[in-house]
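One-letter residues, chain by chain:
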Amino acid sequence: MLRPTDQHSASTALPPLASDRFDVGATEDSLERLVASARECGDVFRIHAPGRGSDTWVVNNPADIKRVLVTNHRNYTKGIGLDRVRILLGNGIMTSEGDLWRRQRRMIQPMFHRKVMERFAQTIERCIDERIGRWEALAARGEPIDVTDEMSGLTLDIILRSIFGEDLDWLAERMGGNPFAVVAEHVARDLQFAYKFRSLTRLVGELAVRRRADGIERFDFLGMLLAARDKETGAPMPDRELVDEAMTLVVAGHETSAAALNWTWYLLARHPEAAARLAAELDATPERRGMSFEQSESLRYTQAVIQEAMRLYPPGWLLTRRTIAADQLSGYRVPPGTDVLLSPYLIHRHPRHWPDPEVFRPERFADAHVDPRDEWIYIPFAAGPRHCVGENFAMYEMTLHVARVARRWRLELLDPGRPLELEAAINLRTRHGLRVKLHPRH
Ligand code: HEM
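> Go over the pattern of salt bridges with me, naming the residues and quoting the values.
Following the criterion strictly, the structure yields 46 salt bridges and no others. Note that Arg 33 and Asp 29 form a salt bridge whose closest N and O atoms lie 3.3 Å from each other. Arg 33 sits in the partly exposed class, given a relative accessible area of 22%. For Asp 29, a relative accessible area of 31% gives the class partly exposed. Of the charged contacts in the structure, one is a salt bridge between Glu 287 and Arg 407, with a shortest N-O distance of 3.7 Å. Remark: Arg 407 occurs in helix α20 (residues 391-408) and Glu 287 occurs in the loop between α15 (272-283) and α16 (293-298); sequence separation between them is 120 residues. On the basis of relative accessibility, which here comes to 36%, the residue Glu 287 falls in the partly exposed class. On the basis of relative accessible area, Arg 407 is assigned to the buried category, the value being 11%. Through salt bridges with shared partners, one network takes in Glu 125, Asp 129, Glu 287, Arg 289, Arg 404, Arg 407 and Arg 408.

Here it is in structure tokens:
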């Protein structure tokens, strides 16, 4: 295969073509096949996608990641990823493009400022504590929990309360139960789910109208969306858009954090030495309610455990982009309209950038002097202007939860010999629920 050696050949040469042919993201075994193709071809390659009838490019080196996500990000749309989730999320910030996206991002980003996050402390802690109460009863009877289900339930409770506040009870009353239960119960993100989920938009729209009419200010995401004004025009968000944004936050804020916490508990249960260092950090810090954002960051090892879990198992394992005009990546000319994929999973396990890449070692983050994000080798929340707007919220809720639970219990996996099966759908999850036993630490 030709490799570009100078300016001239760069315009004609193409990166290697993987021997496997498949539509990345559309087949159940996409992740395994992607890993095998990267092993075969190196850091920049093409995979022929029969379903799309075109070649998809995969780039897996820091310079290209930086170019696609940051320096030349305006030349990229979200491509295939967008097609996959638009039906679910409408035209919210996750799926919009161009000027509409820029306007939405400008209005939404301030809602995730670290100082704003602290105002969610009580809401988050209440959800965590309710669950801990139930776990205490189970632990006392020696009964296990399904930590996968629990993390899904917990992150759903947290995001729903953070979006709708006390009005979640009004929604539940109207519907005779939590209308969003389908998000945790219907695990497959298929068309049937999309239909059920979208049918809730009318209900959320009604709530927005009610809130506008009563004029009471409330602190939650819906309240902030209602109060948001376009900096240039001073206009509020149109209702249709506001509902799409609220629905986007439900989906974006739930499954990703649930997967990251599920992986965190899995890895801690398998690595007693890391669990012990985590417990030591927590024992040395008094437990406090209403932890500030800064205090949560000072739990350095706790955060390192979560960061290392997201290195090995990044929930968003695949970032999809599509060129608008032609671009140059690794010296190759990428034609306009090309699907370009970046995989946090691949770059997070790249042996050139990470010593012993398969090993769980939170010390990489806890004792690091250089932030791997600055080297473009660690992108669980993506990077650049389109990086995860909810990163602060996610890190805050996950740190509060891990700290509160690991202080009280050590988790033991009930089926340690069972081979781990990955499910790389929109998010990277465990295929089966993980059952754990809770051992009190004190
Ligand atoms: C561990 C938890 C999380 C992970 C790993 C994660 C990961 C990501 C990634 C990789 C993207 C970029 C996708 C792309 O560009 O293709 C993203 C975007 C986004 N995330 Fe998160 N996320 C998490 C939690 C959250 C939470 C809690 C919220 C909201 C409360 C949230 C809201 C969003 C939104 C709205 C976007 C779209 C931003 C834009 O396009 O401007 N995420 N997330």
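This is not the end of the story, as more comes after the structure.
> A description of the sheet that holds strand β4 (residues 76-77) should follow, citing residues and the corresponding values.
One open sheet accounts for six strands, arranged β1-β2-β3-β9-β6-β4; its pairing is mixed. Each having just a single partner strand, β1 (17-21) and β4 make up the two edges of the open sheet. Inspection of the sheet shows β4 paired to strand β6 (residues 319-323) by two bridges, in the antiparallel sense. If you follow Tyr 76 over to β6, its bridge partner there is Thr 323. The sheet contacts of helix α2 (residues 30-41) involve β1, β2 (44-49) and β3 (54-59), and relative to β1 the element is tilted by about 150°. Set on the sheet, helix α3 (residues 62-71) makes contact with β2, β3, β4, β6 and β9 (339-342); between it and β9 the angle comes to about 120°.

> Can you break down the pairing of strand β10 (residues 409-413) residue by residue, with the values?
Only one face of β10 is covered, namely the one carrying Trp 409, Leu 411 and Leu 413; the face carrying Arg 410 and Glu 412 has none of its residues buried. As paired strands, β10 and strand β13 (residues 435-440) are joined by five bridges and run antiparallel to one another. Residue Trp 409 lies in a different strand from β13, and its bridge partner there is Pro 440.

> So what about the sheet that holds β10? Which residues, and what values?
Taken together, the three strands give an open sheet; going across it, the order is β5-β13-β10, and neighbouring strands pair in antiparallel fashion. The open sheet has two free edges, formed respectively by β5 (145-146) and β10, since each of these has just one partner strand. In this structure, β5 lies alongside β13, joined through two bridges in antiparallel fashion. Bridge pairing links Ile 145 to Val 436 in β13. Strand contacts of α20: β10 and β13, with the helix running at about 90° to β10, the strand carrying the most contacts.

> Go over helix α12 (residues 201-214) with me, naming the residues and quoting the values.
Look at α12: 20 Å from first C-alpha to last across 14 residues, which is about the 20 Å you get at 1.5 Å a residue. Within α12, burial applies to Thr 201, Leu 203, Val 204, Gly 205, Leu 207, Ala 208 and Arg 211. Packed against the buried residues of α12 are α8 (147-164), α9 (167-175), α11 (191-198), α13 (221-227) and α14 (239-270). At the C-terminal side of α12, Gly 215 shows a positive phi close to 65°.

What counts, and where the lines are drawn
- Residues numbered from 1 in each chain as written.
- Predicted model: local features only at pLDDT ≥ 70, side-chain atom pairs only at ≥ 80, totals over all residues.
- Heavy atoms only, no water.
- Salt bridge = Lys/Arg side-chain N within 4 Å of Asp/Glu carboxyl O.
- Buried < 20%, exposed > 50% of the residue type's maximum accessible area, 1.4 Å probe, protein only.
- Helix = DSSP H or I, 4+ residues; strand = E, 2+ residues; numbered from the N terminus.
- Pairing = 2+ DSSP bridges.
- Contact = heavy atoms within 4.5 Å.
- Axes fitted to C-alpha atoms, helices over the stretch in contact; angles between N-to-C directions.
- Expected span 1.5 Å × (residues − 1).

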